[in-house]
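Structure at a glance
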Amino acid sequence: MAMMPKRVKYRKSQRGVMKGNASRKNYVAFGEYGLQTLEGSWISGKHIEAGRVAATHYLHREGKVYVRIFPYKPVSAKPLETRMGKGKGEPAFWVARVRAGTVMFEVGGVTEDVAKQALVRVAHKMPVKCRFVKRRH
Amino acid sequence: MDKTLLLKAEVREQKGSKSAAKIRKQGLIPAIVYGHKKDSVSISLLEHDLVEGLKRGTKVVNIQLGENKETAIIKDVQYDYLGKDILHVDLMRVDVSEKVKVSVRLELKGTAKGAEDGGIIESQVSQIEVECMVTDIPSSIPVSVKELGVGDSLHSRDIKLPEGVKLVSDPDQLIAACNVVQEVKTTEELETEAPTAPEVITERKPKEGEEAEAGEEKKE
C-alpha cells in the first residue's frame, strides 16, 4: 500500500466538496523553491510517492525534498462485477485534498536550475496543472 | 540602504472589494496609510512602481498625495492565493529621525564546510526583526555560512549586524543548520514498513466474554 495515515478515527469518509482557493500552505515555507498547484484536486498517495521518487532520483542525494501534502482522506470503491447496493465499498486508496495555490513539493539546498528540473519531473507525475515558485522574501 | 522610493498616490473615495477590484484592473493597487496619531487614508498606488520597489527590497517609501508628501514604511503586503499579484499594501507613517522595528531579509552567503562531507544548509528563517533608524534600514543582511560544518548551526545572536542596527528577534532563534541528508527510503522499503490498513480509533473492540460466545456460536 502507498502512503496512508497510521491511525484514523473513521475508516470511511464522505466525498465532500472543495470550494475556493488555498488560504494556507500557499507559499514556500521550508525549501527555496516549490511546486504549486493551479487547480483543486485529490492527489492520491501513489501520485505523491511518484513525485517524491522523481525528485529525489533527479537530485542524486543533493539538496532536500519536502513533501507538504499527505493523503488523509480514504476513498472507497466497490469490487468489480458487483451489483449495486449492499453498502459502501471498502477503502481502496488514500488522497490528499489540495486547493488551487497549495504548494505541494519544495526543494532546498540546490541551484534554481536544478530545482526547476527536479520539480518539472514532479509536475509530470501530478494529475493537476502546476507552476514553479520561489520563496518570497 | 536603498534610495527611498517616491510613489504617486491618489485618495480612494470608494471602499469595499468591488471598488478595489476595479482599481486593480486599472493597474493600481489599493493601499492604506496610517500611524502617527493621524487619520488613516485609503489610497491607490501605481502597481508597476511598487512592484519594482519591492523587488529591490525597498522598505521606506515617500508618498506623494497631491501636494502633501509623507514618509512611510511598507508594513504589510497582501498577495492573492497564488502569491502572484499584490492585493493590498499597508503603509505606516514614520519620521526619518525615529527608530522602527522592521523585518529584514537574510542572505546566506558562501558554501558551508560541511558540504564536502555531504551536508546541506537548511535555512529555518528567511527574515529577522531588527530595530534601527528609518534611514538605516538595510535591504538585506548577508550571513556567511562558510564556517558551518556538519551538525553545526547558526543562531540570530551569531549574525553580524550593520552599525546602528539592533536585533529584536530571539537571540537563540535558529537561522540555519548544516545537516547530512538522510538516506531516502525506496518505495519498496516504505511499502514493507507501512501497515496495509490504518488503526481505527473508534472501532468497537469485542470484550473477552463476547469473543468466547462468538467462538462457541461458530462451532455450533
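Residues numbered from 1 in each chain as written. Chains lettered and ligands numbered in written order. Predicted model: local features only at pLDDT ≥ 70, side-chain atom pairs only at ≥ 80, totals over all residues. Heavy atoms only, no water.

**Focus on the interface of chain B and chain A**
Taken residue by residue, the interface counts 27 residues in chain B and 33 residues in chain A. Taken together, both faces of the contact between chain B and chain A bury some 2,600 Å²; the carbon and sulfur share is 55%. Linking chain B with chain A are 2 salt bridges. Across the pair Glu122 of chain B and Lys64 of chain A runs a salt bridge whose closest N-O atoms are separated by 3.3 Å. (Contact = heavy atoms within 4.5 Å. Buried area = accessible area lost by both parts, 1.4 Å probe. Salt bridge = Lys/Arg side-chain N within 4 Å of Asp/Glu carboxyl O.)

**Some details on the packing of aromatic side chains**
Counted under the stated rule, the structure contains 3 aromatic pairs over all chains. Between the aromatic rings of Tyr33 of chain A and Phe132 of chain A, the centroid separation amounts to 5.6 Å while the plane-to-plane angle is 15 degrees, which identifies the pairing as stacked. Residue Tyr33 of chain A is found in strand E2 (residues 33-37), and its partner Phe132 of chain A is found in strand E8 (residues 130-134); the two are separated by 99 residues along the sequence. The partly exposed category is assigned to Phe132 of chain A, whose relative accessible area is 21%. Ring geometry for Phe70 of chain A against Tyr72 of chain A: centres 4.9 Å apart, planes inclined by 55 degrees, an arrangement best described as tilted. On the basis of relative accessible area, Phe70 of chain A is assigned to the partly exposed category, the value being 27%. Over the ring of Tyr79 of chain B we find Arg136 of chain A; its NZ or CZ atom is 3.8 Å from the centre of that ring. (Phe/Tyr/Trp six-rings, centres within 6.5 Å; stacked < 30°, edge-to-face > 60°. Helix = DSSP H or I, 4+ residues; strand = E, 2+ residues; numbered from the N terminus. Buried < 20%, exposed > 50% of the residue type's maximum accessible area, 1.4 Å probe, protein only. Lys NZ or Arg CZ within 6 Å of the ring centre and 35° of its normal.)

**Some remarks on the sheet that holds strand E12 (residues 166-167) of chain B**
Residues and elements named next belong to chain B. Read across the open sheet, the 4 strands follow the order E10-E7-E9-E12; overall the sheet is mixed. The strands lining the two open edges of the sheet, one partner per strand, are strand E10 (140-144) and E12. Bridge count between strand E7 (residues 99-109) and strand E9 (residues 127-133): 7 bridges; the pairing is antiparallel. Along E9, the bridge assignment pairs Val104 with Ile128. (Pairing = 2+ DSSP bridges.)

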